[in-house]
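Each chain, written out:
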Amino acid sequence: MAEKYFAPSELIINEDGSCFHLHLKPEFLADKVILVGDPARVNTVADHFDEKECDVQSREFHTITGSYKGKRITVQSHGIGCDNIDIVVNELDTLANIDYKTRTLKKDFRQLTMVRIGTCGGLQPFTPTGTFIASVKSIGFDGLINYYAGRNECCDLKLEEAFKEHMQWDPIKGAPYVATADPDLINQVAGEDMVRGITISCGGFYGPQGRELRLPLADPKQNEKVESFEYEGLKVCNFEMESSAVAGLASMMGHRAMTCCMVIANRYAQEMNTNYKNSIDTLIQKVLDRI
């Protein structure tokens, strides 16, 4: 069988040898990767590093690789939404597993460990503001994974069907998918001080998360139904916008991945903490110590 060649139109490499969007070169990618949404949060994470190798920024994609207590770590921002996760995870995988000089797969697979640190909206009485949540399962409202072969093999199909039945899901919204985080990584990072549950990754911040401003919602009872859903002892604990794509893409590619978030708004109690940036550093330090 001939080696697969990745054409310039498919694998876009910049003139300096870096990947197209991230502008990161293969030699600057660590095996351990922390993903954050806000480009400024990259500096917050990297402030804990003992030393830094590189600091690269392009659009919303900011990367710093360095060392923390003897561990080589890359911290990478991805912006908002699963569409950006598609860019980031795919390009990180190419840096690890495609030879940029020959445009062919490397002989030995390199597995990455990716932990997304984010913020979210809590959906249960037991997830007040300040709670740390580890996403064991992530339900994607965005549809991203449905564009890849092997979607059914990486998804929890029984949970999908149970959720669609409970929600009386309207197929016009597209098919939700359920991605599973790496169980060993969940145990490693979540420890005993993070709530474990189901996360919903939404395709937007307002309507898709049940926020009604000037536009009325297609399903005004969406959040009420989400909050009451339970599957094998797991409840939907939070809304965010990226965890399903991180877990789904990583699973299909053979990487280890998970998301852990700090609750900054509790939709159930209608509470919001706008000063969360002062307290998320506690979560960052936990992940750095445990990754």
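Residues numbered from 1 in each chain as written. Predicted model: local features only at pLDDT ≥ 70, side-chain atom pairs only at ≥ 80, totals over all residues. Heavy atoms only, no water.

With respect to the pattern of salt bridges
Taken as a whole and judged by the stated rule, the model has 13 salt bridges. Where Arg-151 meets Glu-160, a salt bridge forms, and the shortest distance between an N and an O atom there is 3.0 Å. The same class applies to Arg-151 and to Glu-160, which are both buried. Across the salt bridge formed by Asp-182 and Arg-256, the nearest N and O atoms sit 3.7 Å from each other. Of this pair, Asp-182 sits in the loop between β9 (177-180) and α5 (183-190) while Arg-256 is found in strand β13 (residues 256-266), placing the two residues 74 residues apart along the sequence. (Salt bridge = Lys/Arg side-chain N within 4 Å of Asp/Glu carboxyl O. Buried < 20%, exposed > 50% of the residue type's maximum accessible area, 1.4 Å probe, protein only. Helix = DSSP H or I, 4+ residues; strand = E, 2+ residues; numbered from the N terminus.)

Observations concerning helix α7 (residues 243-253)
Structural remark: α-helix, 3.6 residues per turn; residues separated by three or four positions point the same way. In terms of burial, α7 is largely enclosed, as eight of its 11 residues are buried. By the burial criterion, the buried members of α7 are Ser-243, Ser-244, Ala-245, Val-246, Ala-247, Gly-248, Leu-249 and Ala-250. Trailing α7 by a residue or two, Gly-254 shows a phi angle of about 90°, which is positive.

Digging into helix α4 (residues 157-167)
Listed in full, the buried residues belonging to α4 are Leu-159, Glu-160, Phe-163 and Met-167. The buried residues of α4 occupy an angular sector of 105° when the element is viewed end-on, so they sit on one face. Opposite the buried face of α4, at more than 90 degrees from it, the exposed residues are Lys-158 and Glu-165. Packed against the buried residues of α4 are β8 (132-140), α3 (151-154), β9, β10 (195-201), α6 (222-228) and β11 (230-231). Where α4 begins, the capping side chain belongs to Asp-156, and its oxygen is found 3.4 Å from the backbone nitrogen of Lys-158. (Arc of directions from axis to C-beta. Contact = heavy atoms within 4.5 Å. Polar contact = N/O pair within 3.5 Å; in protein donor to acceptor, adjacent residues only side chain to side chain.)

Let's talk about a nonpolar patch on the surface
A grouping of Phe-205, Tyr-206 and Leu-213 is seen on the molecular surface, where their side chains present a nonpolar patch of about 340 Å² in accessible area. Counting through the fold element by element, Leu-213 comes out in the loop between β10 and α6. (Patch = residues over 30% accessible without salt bridge, like charges linked within 9 Å, V, L, I, M, F, W, Y side chains within 5 Å. Areas by Shrake-Rupley, 256 points an atom, 1.4 Å probe, with all protein chains shown as cover.)

Digging into the packing of aromatic side chains
Within this structure, the stated rule accounts for five aromatic pairs. An angle of 50° between the planes, with centres 6.2 Å apart, marks the rings of Phe-163 and Trp-169 as tilted. Relative accessible area serves as the criterion here: at 15%, Trp-169 is assigned to the buried category. For the ring pair Phe-205 and Tyr-206, a centre distance of 5.0 Å and an interplane angle of 80° mean the geometry is edge-to-face. The ring of Trp-169 carries Lys-173 above its face, with NZ or CZ at 5.1 Å from the centroid. (Phe/Tyr/Trp six-rings, centres within 6.5 Å; stacked < 30°, edge-to-face > 60°. Lys NZ or Arg CZ within 6 Å of the ring centre and 35° of its normal.)

Some thoughts on the environment of Glu-161
Relative to the helices and strands, Glu-161 resides in helix α4. Residues Glu-161 and Asn-90, 71 residues apart in the sequence, show an inter-C-alpha distance of 28 Å. A polar atom in the side chain of Glu-161 sits 3.1 Å from the side chain of Lys-164.

Quick notes on the pairing of β10
Most of β10 is tucked away, with five of its seven residues classed as buried. In the sheet, β8 pairs with β10 via seven bridges, with the strands oriented parallel. Each bridged residue has a counterpart across the sheet, and for Ile-139 the counterpart in β10 is Ile-200. As paired strands, β10 and strand β12 (residues 234-240) are joined by four bridges and run parallel to one another. The residue of β12 that forms the bridge with Ile-200 is Phe-239. (Pairing = 2+ DSSP bridges.)

Here we look at the nonpolar core
Of all hydrophobic cores here, the largest spans 48 residues; its most connected members are Ile-34 and Phe-163. Ranked by size, the runner-up nonpolar core spans 31 residues in total, among them Leu-29, Ile-85, Val-89 and Leu-112. (Core = buried A, V, L, I, M, F, W, Y, C linked by side-chain atoms within 4.5 Å.)

None of this, on its own, says anything about what the molecule does.
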